[in-house]
Amino acid sequence: MNNLNNKKILLIICGGIAAYKSLEIIRLLKKNGVIIKTILTKSGAQFVTPLSITSLSQSKVYQDLFSLENEAEMDHINLSRWADLILIAPATANTISKLANGNSDDLASTVTLASNKKIFVAPAMNVRMWEHKSTKQNISKLKTYNYQLIGPEIGDMACGEYGEGKMSDPKDIVNEIESYFKNLKMNNKLKAIVTAGPTNEYIDPVRFITNKSSGKQGYEIAKSLSKKGFNTTLISGPTNLKINDNINLIKVETAEEMFQATLNNLPADVAIFSAAVSDYKVKDVSKIKLKKQDELNLVLEKNVDILNYVSNHNSLRPKLVVGFAAETNNLENYANKKLNEKNCDWIIANDVSNKKIGFNSNFNEVSIFYNNDRTEKLKYKSKSEISDEIVEKIINHLN
Ligand code: CTP
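Residues numbered from 1 in each chain as written. Predicted model: local features only at pLDDT ≥ 70, side-chain atom pairs only at ≥ 80, totals over all residues. Heavy atoms only, no water.

A. The site of the ligand, seen in detail. If you check the shell around the ligand, you find Phe 273, Ala 275, Val 277, Asp 279, Val 304, Asp 305, Ile 306, Leu 307, Gly 323, Phe 324, Lys 338 and Lys 342 and nothing else. One of the backbone nitrogen or oxygen atoms of Ala 275 is found 2.6 Å away from an oxygen atom of the ligand. The side chain of Lys 342 places a nitrogen or oxygen atom 2.8 Å from an oxygen atom of the ligand. Relative to its free-state accessible area of 570 Å², the ligand is covered by the protein chains to the extent of 75%. Taken together, the elements giving at least two residues each to the shell around the ligand come down to helix H12 (306-311) and strand S17 (320-327). For the shell around the ligand, the per-class residue count stands at seven nonpolar, one polar and four charged. (Near = heavy atom within 4 Å. Polar contact = N/O pair within 3.5 Å; in protein donor to acceptor, adjacent residues only side chain to side chain. Areas by Shrake-Rupley, 256 points an atom, 1.4 Å probe, with all protein chains shown as cover. Helix = DSSP H or I, 4+ residues; strand = E, 2+ residues; numbered from the N terminus. Nonpolar A, V, L, I, M, F, W, Y, C, P; charged D, E, K, R; others polar.)

Below you can see the structure in the form of structure tokens.
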């Protein structure tokens, strides 16, 4: 497990009977060379003592948000910045609820809210609490915030009931974290390009033709790739979206600019073309603002098909080329047609006539058409979860 060596992990222990298993997590992490700092919540301290944690982790336990001594040494912001990763184990229903709602009334929730690091959550609670609608809603919120869940498992509970809610085994939790760092290291060498958003094709200096596209799915894919360690370049048409600093964002306006930016950033290992590129551009763009007239005849000419060009290029073609198809009808036929004609490895298709998904929605439902005739449906879920799933498939394919 040398992928854990010298990694800095902030372990947050909340109040549940499973807290005793956190000591085993500390032992295993320590054995693998991890540098650990621990936050113990007030109720966590009812189950395990700071002394047992310090003895195993050989480092200080942080407990109070307003402890002057700790603040001088390391404030909550620095504590969250210090870590390569935060692990909350056990994560109680109460802490999960706080995190889902952005509360920050103790050190654990404040540090988590202030963090821009990878956060793993290992829930542990009674089966009824786990199955409660409010917990389910909180969990799906955490997923949209990109928190990664480990477990819980089904089994006998300390309270005597049986069901889902048991914290995962410490060994499994440590394995999951190890494979996260392993992936990060492996993917670091991989380069990804994502195109996203619409393009604007100018008629004159103040008017343009565009396509309907929020860019959300493409941005989420770029985020998921970057989260998994890919060296990611996002080539984006005009959108209102923000993206993390570690993604190389190239803003473009026209299809021609998007094409040039794509070429400039090749070679890459994977390219995902999610942009809604305008198929046409105006043949003679007026340099001055056109005055209103009864009729305006525009001659449009075809834009370069970026996906088609890259996908059919002998030397520039990435190992994996993924196209998108937004269709209102005949989804399967059109998706397969694009798959073949554009020489893609996969086409990700969605039905944009469905109002619940697609344009500007945070949710989506897509089908992946593979070039080996296989099709796979990813059910209705947030665009961020869809992206994580797509990226998992990309990693499996590339490795
Ligand atoms: N695409 C591209 N460059 C273009 C047009 C499309 O890279 N000039 C890419 C899109 O990013 C998407 C895929 O091609 O990945 C499908 O685009 P779409 O517009 O649906 O396909 P078209 O070939 O334009 O077909 P049609 O508009 O007739 O459905």
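B. Examining helix H10 (residues 216-227) more closely. Between its first and last C-alpha, H10 extends 16 Å over twelve residues, near the 16 Å set by a 1.5 Å rise per residue. Summarising burial for H10: ten of the twelve residues are buried, a large majority. Every buried residue of H10 is listed here: Lys 216, Gln 217, Gly 218, Tyr 219, Glu 220, Ile 221, Ala 222, Ser 224, Leu 225 and Ser 226. Taken from the residues just after H10, Gly 229 is the one with a positive phi, measuring 95 degrees. (Expected span 1.5 Å × (residues − 1). Buried < 20%, exposed > 50% of the residue type's maximum accessible area, 1.4 Å probe, protein only.)

C. Structural context of the packing of helix H1 (residues 19-31) against helix H9 (residues 170-187). Between H1 and H9, the shortest axis-to-axis distance is 9 Å and the interhelical angle comes to 45 degrees. The angle between H1 and H9 places the two elements in the oblique class. Handedness of the crossing formed by H1 with H9: right-handed. Across the interface between the two elements, Lys 21, Glu 24, Ile 25, Leu 28 and Leu 29 of H1 pack against Pro 170, Lys 171, Ile 173 and Val 174 of H9. Among the residues forming the contact of H1 with H9, the class breakdown is six nonpolar, no polar and three charged. (Axes fitted to C-alpha atoms, helices over the stretch in contact; angles between N-to-C directions. Parallel < 35°, antiparallel > 145°, perpendicular 65-115°, else oblique. Left-handed = near helix turned anticlockwise from the far one by under 90°. Contact = heavy atoms within 4.5 Å.)

D. Spatial organisation of a nonpolar patch on the surface. Among the surface-exposed residues, Tyr 280, Leu 296, Leu 298 and Leu 300 lie close enough to one another that they form a single nonpolar patch of about 340 Å² accessible area. By the element assignment, Tyr 280 lies in strand S15 (residues 280-282). Judged by its relative accessible area of 42%, Tyr 280 is partly exposed. (Patch = residues over 30% accessible without salt bridge, like charges linked within 9 Å, V, L, I, M, F, W, Y side chains within 5 Å. Salt bridge = Lys/Arg side-chain N within 4 Å of Asp/Glu carboxyl O.)

E. View of the pairing of strand S9 (residues 191-196). Buried residues dominate S9, accounting for six of its six residues. Side-chain alternation along S9 places Lys 191, Ile 193 and Thr 195 on one buried face and Ala 192, Val 194 and Ala 196 on a second face that is also buried. As judged from the six bridges shared by S9 and strand S12 (residues 231-236), these two strands associate in the parallel manner. Across the sheet, Ala 196 pairs through a bridge with Ser 236, a residue of S12. Here S9 pairs with strand S14 (residues 270-273) via four bridges, running parallel. (Pairing = 2+ DSSP bridges.)

F. Local environment of the environment of Asp 84. When you line up the elements, Asp 84 lands in the loop between helix H4 (76-82) and strand S4 (85-91). Asp 84 sits in the partly exposed class, given a relative accessible area of 31%. C-alpha of Asp 84 to C-alpha of Asn 116: the two residues are 32 residues apart in sequence and 9.8 Å apart in space. One polar contact links the side chain of Asp 84 to the main-chain amide nitrogen of Lys 8, over a distance of 2.7 Å.

G. Layout of the sheet that holds strand S2 (residues 35-40). Pairing within the open sheet is parallel, and its six strands lie in the order S3-S2-S1-S4-S5-S6. Of all strands in the sheet, those with a lone pairing partner are strand S3 (61-62) and strand S6 (148-149), marking the two edges.

H. Representation of helix H11 (residues 255-264) in the model. Buried residues of H11: Ala 255, Met 258, Phe 259, Ala 261 and Thr 262, and no others. Seen along its axis, H11 keeps its buried residues to an arc of 165 degrees; they face one direction. Among the structural elements, S9, strand S10 (201-204), S12, strand S13 (248-251), S14 and H12 are those in contact with the buried residues of H11. (Arc of directions from axis to C-beta.)

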